[in-house]
Amino acid sequence: MEDKEENKDINVAKDAFDGIGKEDVAERLLEKAEPDSRRLISSLSAETGGITVGPSIQANSVNNVNYYITASTARDKRKKSDHDDEPALEEPDSNKRKIVCQQNYKKEVEKKYGKMKDYNSLTGEWVDFNKRYTNMLILRRHLKLKEREDELKSRGHLELRKKYKSDEAMCIQVEDVFASDENGEIPSTVVLQGPAGIGKTFTVNKIMFDWASKNIFQGKFDYVFHFDFRELNTKGDVSLIELLSDQYSDLNLKEILACPEKLLFLMDGFDEWKFPLDQGDVGLSGDERTKQPVAITVSRLLKRKILSKSTLLITTRSSSLETLDKSVTLQRFADLLGFSADEIQEYVFNYFQAKEQAAQALNYIKENESVLTLCFVPVVCWIICELIKHSIDCGEELNRNLKTATQVFVHFVITLCKHHGNNSPSDIIHKLGPLALEGVRKQQFLFQEEELERLISSPVQGVSAFLSKIQFKQGLSCGSAYHFLHLSIQELFAAMFCVSGMSEEEINTLLNDCIHNSCLLNVVQFMFGLANKNIQALIPGNNLLPISVLRTRLENWIKEASSYVNIIELLHCLFEIQDEEFVKKAMADMDELWFWNGCVNKNDCTVIKYCIEQRGEVERLDLASSHLEEEEVKVLVEVLPKCKIIEMHSSHLTKDTVMNFCQMLSTHPCWVSLGLDITLRKEGLTLFCFTFDHVIGQEGLSFEGDLTEDFILNICTLIIPKYDCKSISVLNPHLTSNFIEKLCGVFKMSTIDLQSLELTDTHLTDSCVESLSSGLNAFISSLECLDLSNNSFTDSCVPSFIHIMLMCTSLRVFNVKLFVAAPVKDAIQK
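Values in this document were obtained by computation on a predicted structure and should not be read as measured data. (Residues numbered from 1 in each chain as written. Predicted model: local features only at pLDDT ≥ 70, side-chain atom pairs only at ≥ 80, totals over all residues. Heavy atoms only, no water.)

(A) A look at the overall build of the chain. Along the backbone of the chain there are 35 helices and 25 strands. When each of the 830 residues of the chain is scored for burial, the buried share is 52%. At a minimum sequence separation of 6, the contacts of the chain that also span at least 24 residues come to 73%. (Helix = DSSP H or I, 4+ residues; strand = E, 2+ residues; numbered from the N terminus. Buried < 20%, exposed > 50% of the residue type's maximum accessible area, 1.4 Å probe, protein only. Contact = heavy atoms within 4.5 Å.)

In structure tokens, the structure reads:
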């Protein structure tokens with residue numbers, strides 16, 4: 001009973017020194033303790049000469065910091081006297097205890113950072129960190145002003161990242177952030193800069209996880225601690241020890257902090273710090289145990305007024321870099337650039353367990369150039385993967401929730417507003433819209449601070465999720481400028497402002513200007529996307545124009561612009577709105593689609609296909625100068641039967657794609673005339689095709705290159721019975737008599753009026769002449785030209801060739817080369 005009472009008093013005593021260090025502990029305990037506890041503390045102090053206070057490895061906790069009291073009390077002496085004969089316990093080995101403590105901490109960190117939550121995770125939903133993390137490009141230098149300008153103007157983010165990645169001296173990995181420089185000096189304070197959503201926190205979490213997993217910094221740092229500035233903002237008066245103790249239990253902080261050179265502090269999100277950094281200069285003294293306002297405690301840590309030998313990594317957006325640099329000595333700068341093309345692919349395949357789903361997501365990204373160039377931002381990759389995953393989970397078509405660039409970019413803006421900003425989307429549109437639109441009109445991508453002050457109604461810090469700041473050398477001084485994360489984001493904000501903050505007259509002026517100012521076309525394209533009701537529903541609290549009003553203006557613009565604007569640009573606008581009735585009505589006068597301005601990519605073909613499907617059919621589709629390739633042909637082949645006249649040229653095709661194309665040609669009910677040229681080159685098959693719904697007199701079928709006989713015959717079997725081919729040409733070095741026999745068999749099954757047959761450079765021999773003569777019997781009144789030059793015929797074929805000439809009464813040209821003896825040659829000449 002007496003022991004229980006003493007234990008109770010000891011517990012009371014423990015509670016009394018919440019947050020107190022070892023100095024003057026007894027006196028402060030006496031101040032807080034109850035009368036009975038005071039007597040116990042006094043007696044303990046008298047008997048032991050003091051009370052030892054320190055971190056405990058026991059489970060009992062006071063305010064997340066564990067303490068123990070060691071004292072040789074009268075009770076302890078009584079117990080000891082009962083066991084005098086037992087050997088005394090040895091003190092645990094100090095190094096072993098340190099190792100165990102560190103290992104336990106690493107296990108706790110590995111457990112904490114080995115899992116993560118997505119932006120949309122439900123309660124209890126976690127994802128393996130390594131299934132989301134992909135290495136990112138880190139550049140150990142500032143980007144030059146021209147590099148940034150080129151990147152923004154050309155939207156060539158991935159191309160430039162490929163260039164940076166090849167710069168081995170400056171492009172570093174996470175583990176190289178604290179590597180020595182060319183002079184052998186190791187930085188103790190490093191800043192990692194990057195825009196919102198680029199992966200700064202991801203990188204910090206990666207460092208924590210990899211250190212705990214014994215992959216990096218082993219031997220360099222005994223302990224790594226992570227502080228989030230957003231969380232630090234919520235603290236009151238606190239010491240550094242208390243900040244550490246709030247996060248991690250069971251640490252012997254006295255022992256750990258005694259070796260500051262072995263400590264790494266990861267300070268994440270300085271741009272969210274709401275206190276000035278001069279808080280540490282108010283003259284307050286103290287160390288890591290001193291309780292002060294959090295602004296002072298953090299400021300003193302950053303300025304190295306406490307734990308000066310520790311190492312710091314600070315992450316921030318570029319807009320706050322100058323503020324940080326004024327107060328903190330930054331010994332190394334690193335720019336987080338996000339993903340290159342290789343890392344985009346790696347991220348997508350990490351996200352999906354099924355390779356087929358990953359491939360479909362990757363195809364979507366690659367096919368949408370504007371989306372692809374923004375995928376250097378990890379958040380964009382996550383948005384695309386998540387939307388495709390949602391479609392799969394709901395059993396929907398994979399592209400149902402992910403069709404347009406407007407969808408992706410609006411999702412991106414909403415995600416950044418919700419998770420990386422302090423403003424609603426409507427506030428951001430109001431603040432950034434005028435700046436974005438003026439910049440697009442002037443083709444301006446970099447903005448000076450005074451321009452921001454003139455056009456933005458709030459401090460830059462309030463919109464830093466969408467604006468980045470670049471510092472550059474300007475003569476003998478330094479300059480700075482701001483820019484949007486991506487030109488497409490600038491154009492989207494301009495479009496959002498147009499459909500929410502502009503008058504009817506201003507919108508009409510912009511639409512008219514767009515007809516003669518192509519730099520505004522992408523803004524108008526986003527306006528069409530914002531006229532989709534599902535897109536508008538994504539924007540909470542939006543004050544966009546009513547859809548009916550907006551669509552009326554856009555429909556009127558399409559009619560006027562069709563005479564001036566490139567047809568592919570107009571079709572992209574219609575594709576963004578994703579409304580069948582609107583597109584069908586808008587395309588009423590677009591019965592001929594001519595694409596004469598060079599390359600048409602797969603995304604363009606997806607748009608062309610969509611618009612033709614909504615219209616029903618078109619009179620003409622001309623892609624002869626567009627240089628299509630395999631993927632483009634695959635997209636268009638389904639919609640070609642809806643076109644009465646087709647002209648197209650394509651290359652780098654596979655045999656399967658050509659065969660599928662010919663299968664489609666053979667089943668079309670309306671085409672009458674066909675011209676088809678197929679050539680095998682080193683890089684693949686090329687194909688030129690035209691079709692008409694009436695006879696034009698230029699119909700024909702041509703093959704060139706070392707194509708297999710079966711391939712040629714299969715196409716002939718599909719095409720010749722369907723179309724009245726006037727000419728057939730085969731230039732192939734490896735044809736046999738068997739091929740000629742089968743080709744003539746196809747002739748006999750058709751009703752064509754063949755006018756020209758060319759079988760040159762094919763190495764045909766005498767064995768095929770009889771079959772050829774039999775096959776040409778069907779064209780005795782139509783065949784005008786027979787070219788058999790550069791083959792391997794001999795003089796034994798002369799009678800058969802004479803028969804052909806006599807049989808085909810319309811034959812005007814007959815070219816053949818014979819290998820004959822001199823007497824026979826003379827006879828033939830006579």
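Next comes the rest of the write-up.
(B) The pattern of salt bridges, seen in detail. Following the criterion strictly, the structure yields 32 salt bridges and no others. The residue D210 makes a salt bridge to K206 at a minimum N-O spacing of 3.3 Å. One end of the pair is D210 and the other is K206, both in helix α8 (residues 200–212) and 4 residues apart, which spans about a single turn. For K206, a relative accessible area of 13% puts it in the buried group. A salt bridge links R441 to D513, with the shortest nitrogen-to-oxygen separation between them at 3.1 Å. (Salt bridge = Lys/Arg side-chain N within 4 Å of Asp/Glu carboxyl O.)

(C) Seen up close, empty space enclosed by the protein. Enumeration over the complete set of coordinates arrives at 4 cavities of 30 Å³ or more. Taken as a whole, the largest cavity encloses approximately 200 Å³ of empty space. For the largest cavity, the lining is made up of 23 residues, of which R148, Q193, P195, D335 and H483 are closest to its centre. Those elements giving two or more residues to the lining of the largest cavity turn out to be α6 (145–154), α7 (157–165), β13 (332–338) and β14 (467–474). A class-by-class count of the residues in the lining of the largest cavity yields 10 nonpolar, 8 polar and 5 charged. (1 Å grid on protein atoms, 1.4 Å probe; cavity = no way out; pocket = protein on both sides within 12 Å on 5 of 7 lines; lining within 4 Å. Points joined across faces, edges and corners; volume = space filled by probe spheres on them. Nonpolar A, V, L, I, M, F, W, Y, C, P; charged D, E, K, R; others polar.)

(D) Inspection of the packing of aromatic side chains at higher detail. Applying the stated rule across the entire model yields 30 aromatic pairs. Arranged with centres 5.4 Å apart and planes meeting at 80°, the rings of F217 and F221 form a pair that is edge-to-face. The pair F217 / F221 is uniform in exposure class, with both members buried. Three or more aromatic residues link up through ring pairs in this structure, and these residues are Y105, W211, Y223, F225, F227 and F265. The ring of F711 has K655 sitting right over it, with the charged end atom 5.7 Å from the ring centre. Across the ring face of Y723, the terminal group of K722 is positioned such that the distance to the ring centre comes to 4.4 Å. (Phe/Tyr/Trp six-rings, centres within 6.5 Å; stacked < 30°, edge-to-face > 60°. Lys NZ or Arg CZ within 6 Å of the ring centre and 35° of its normal.)

(E) Up close: the pairing of strand β20 (residues 684–692). Among the 9 residues in β20, 8 count as buried, and that is most of the element. Relative to β20, strand β18 (residues 643–653) is paired through 6 bridges, and the arrangement is antiparallel. Following the sheet pairing, M648 is matched in β20 by C689. Across 9 bridges, the pairing between strand β19 (residues 673–681) and β20 is antiparallel. Along β20, the bridge assignment pairs L674 with T691. Counting the residues that bridge the hairpin from β19 to β20 gives 2 residues. (Pairing = 2+ DSSP bridges.)

(F) Structural view of the side chain of K200. As for its position among the elements, K200 is in helix α8. This buried residue, K200, is left without a salt bridge; D271 holds the nearest opposite charge, at 5.3 Å. K200 has contacts with L192, Q193, G194, P195, D268, T315, T316, R317 and L336, leaving out every residue within four places of it along the chain. (Lys, Arg positive; Asp, Glu negative; His and termini not counted.)

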